[in-house]
There are 4 protein chains.
Amino acid sequence: MTDHAPTQAPTLHVERWFNTETLLTLEALRGRVIVLEAFQMLCPGCVSHALPQAQRVAALFPPGQVAVIGLHSVFEHHAAMNPDALAAFLHEYRIAFPVAVDAATPGDRIPQTMRAYALRGTPSTVLIDRAGRIRLSHFGRLDDLRLGAEIMALVCEAAAPVSEPAAEVPRVGGCDHDGCTVPTAD
Amino acid sequence: MTDHAPTQAPTLHVERWFNTETLLTLEALRGRVIVLEAFQMLCPGCVSHALPQAQRVAALFPPGQVAVIGLHSVFEHHAAMNPDALAAFLHEYRIAFPVAVDAATPGDRIPQTMRAYALRGTPSTVLIDRAGRIRLSHFGRLDDLRLGAEIMALVCEAAAPVSEPAAEVPRVGGCDHDGCTVPTAD
Amino acid sequence: MTDHAPTQAPTLHVERWFNTETLLTLEALRGRVIVLEAFQMLCPGCVSHALPQAQRVAALFPPGQVAVIGLHSVFEHHAAMNPDALAAFLHEYRIAFPVAVDAATPGDRIPQTMRAYALRGTPSTVLIDRAGRIRLSHFGRLDDLRLGAEIMALVCEAAAPVSEPAAEVPRVGGCDHDGCTVPTAD
Amino acid sequence: MTDHAPTQAPTLHVERWFNTETLLTLEALRGRVIVLEAFQMLCPGCVSHALPQAQRVAALFPPGQVAVIGLHSVFEHHAAMNPDALAAFLHEYRIAFPVAVDAATPGDRIPQTMRAYALRGTPSTVLIDRAGRIRLSHFGRLDDLRLGAEIMALVCEAAAPVSEPAAEVPRVGGCDHDGCTVPTAD
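It should be emphasised that the depicted structure is a prediction, and the values quoted were computed from it without experimental measurement.

A. Broad picture of the overall build of chain A. Broken down by element type, chain A carries 4 helices and 9 strands. For chain A, the α and β elements follow one another from N to C terminus as β-β-β-α-β-α-β-α-β-β-α-β-β. Looking at the 186 residues of chain A, the share that counts as buried comes to 56%. Once local pairs closer than 6 in sequence are excluded, the contacts in chain A between residues at least 24 apart make up 73%. About 7700 Å² of surface is accessible on chain A, with carbon and sulfur atoms providing 56% of the total.

B. Molecular detail of the pattern of salt bridges. All names here are of chain B. With the rule as written, the count across this model stands at 28 salt bridges over all chains. A salt bridge links E157 to R135, with the shortest nitrogen-to-oxygen separation between them at 2.9 Å. Linking E157 in the loop between α4 (144-155) and β8 (174-176) with R135 in strand β7 (residues 133-139), this pair joins segments that are 22 residues apart in sequence. On the basis of relative accessible area, E157 is assigned to the buried category, the value being 4%. By relative accessible area, R135 is classed as buried at 7%.

C. Quick peek at the packing of aromatic side chains. By the definition in use, this model includes 8 aromatic pairs over all chains. Following the ring pairs from residue to residue traces out a cluster consisting of F39(A), F89(A) and Y93(A).

D. Summary view of the state of the cysteines. Residue and element names in this part refer to chain C. Counted under the stated rule, the structure contains 4 disulfides over all chains. In this model, C43 is linked to C46 through a disulfide, with the two sulfur atoms separated by 2.3 Å. Judged by the torsion about the S-S bond (80°), the C43/C46 disulfide is right-handed. Here the two residues C43 and C46 agree in accessibility, since each one is buried.

E. Spotlight on the side chain of Q53(C). Residues and elements named next belong to chain C. Within the secondary structure, Q53 is located in helix α1 (residues 44-60). Judged by relative accessible area, which is 1%, Q53 ranks as buried. Only 2.8 Å separates the side chain of Q53 from the backbone oxygen of L142, close enough to count as a polar contact. Discounting chain neighbours no more than four positions away, the residues touching Q53 are L142, D143, D144 and L147.

What counts and how
- Residues numbered from 1 in each chain as written.
- Chains lettered and ligands numbered in written order.
- Predicted model: local features only at pLDDT ≥ 70, side-chain atom pairs only at ≥ 80, totals over all residues.
- Heavy atoms only, no water.
- Helix = DSSP H or I, 4+ residues; strand = E, 2+ residues; numbered from the N terminus.
- Buried < 20%, exposed > 50% of the residue type's maximum accessible area, 1.4 Å probe, protein only.
- Contact = heavy atoms within 4.5 Å.
- Areas by Shrake-Rupley, 256 points an atom, 1.4 Å probe, with all protein chains shown as cover.
- Salt bridge = Lys/Arg side-chain N within 4 Å of Asp/Glu carboxyl O.
- Phe/Tyr/Trp six-rings, centres within 6.5 Å; stacked < 30°, edge-to-face > 60°.
- Disulfide = S-S within 2.5 Å.
- Polar contact = N/O pair within 3.5 Å; in protein donor to acceptor, adjacent residues only side chain to side chain.

In structure tokens:
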């Protein structure tokens, strides 16, 4: 059901993190499905649909299987959408999942992670599989039914072969006729 | 994610079918995930949420993987919700998936399939896996995100062991690190 | 704000009433604003929008000022939408305002009141002012903000001159700088 | 239908205006019904319901009869909701009606107009009649049907007696049995 020839997900270029004690990296999250939600706090579609959807995903899937990460990719109204404003926004909208501030490049309107992922704008939803590959990159509105199915399809996949570089021991899981086994080493 | 100790799904007791040339049976559908949507045409929650949701499921999942079946389980206002009225309702609401009229038992307010499945009322959503076992039976509103995930989890499962009786050659599928393979013999 | 050159509202041709002890007539309701909601129980837009809207109108405006009347104008699937089916529908959807079954003419698909009012279909919302004149006849969806304003504009109007035939003493009301006076003889 | 013993609406204390060439005052708007929508750009209920509702009001009622005025009354996260951020917000949300930035008092968390009107928070909807009196002050969500009716009730009222101070010639209107006359001097 995915629409992307699998390529390894680029590193996140993060200026600052919210809602997490540790600096997260894709390598640290290897083995989990990652739902990366790129947004701008003043983007109406992000506020009305994509961010509430990301909150529903975070509430539904066990964190050991699925990591929801917000990415504040500001490409317009930079002064208004500074990190302090973002902090107020995250507080008022009760957004609890980790949120990365996409790092800016001086002189470039588009932030670094947005460029690295070739995102078309906000909201963009990127699904990264348990082997760290991009399996979906969608600009605009995704309906819940499809998103739930796409995420579960990635949860159900076995981990990548050992040849893939990983920062930690690969998590083994897989599906058989009794169901999909959650990796034990969470 | 399922909430039901797997038991074999009981036979459907059908008085009449709509939207299908052939008389469907669970055995004939073995190998597909079945989404059985029990409803009454005058049940507000069925009309406003469950049936449109079933239409979304039918539109999203390939029919070779997931079969959506409506079950008109009338347990009140029997005269009003007769099969001719149902035909008009299915036409006006553009419901195209197969719909079974749950067979009545003289003197019993509750129709036969509703009793066999111990349904609490309408709407009820029953998910039957590719081995023909009930994996979810939910009364009331199910949100799209969860339903998409639950259905996909069952799609991703391998077929049952050959010991399970089946009306046709078991469909083989399964998940590996490249994804979930759609059964080829559709 | 109205869109209809005022003509006297035609008599309602009613085969049967629900939710009222007395047989209602427009003359008996003279002095009140009448919100006539023409619907079919199997018309999706009626069920999803127009009837809930009519319930909101009935809940908001004092019954002594505004009378909400449903009109079941069946022009298709006549067998399915018979009065017994309508009774079940009104019960399940908790519709409490009076509902008239539009009288059929043998050999004519279109019922009599629908013809008399030249309604284009269902749902249709007809606003009749306190003098018994049609001030709005709208086919399809009306948004709440506009409907609330249109009804209040008619509530705020003074009663018709005494020359208008009325079944009861004309109700006197009117607006001045302190507000709109509710007719005292309710 | 109003819930406020009529008192004269206090002056607006405005630090800055958006979307208007002229500095607006209640006196300059005398004769029109004023819909004052107090909001904060990071207040979820304001963004999801109250501001879109104010836009619907502005689109429905003729500007010569009803003036919609936004009031940005920031009482929390002051740094984040500065006027430049507000400018970006108004642009992204396509808010075109005039918006006043409620003037702050040094050392006071609550801005001046919010205090003068004793507003409980945001969103708050204040209806001011054609004589400049507060007729409704509602904190939280107002449904469209009621708001449309309340605004029209005020539109239908005659102008205040000449003794009321006004910056311009009082607009005369009123309701009779033919309807509510729109003031001619727009």
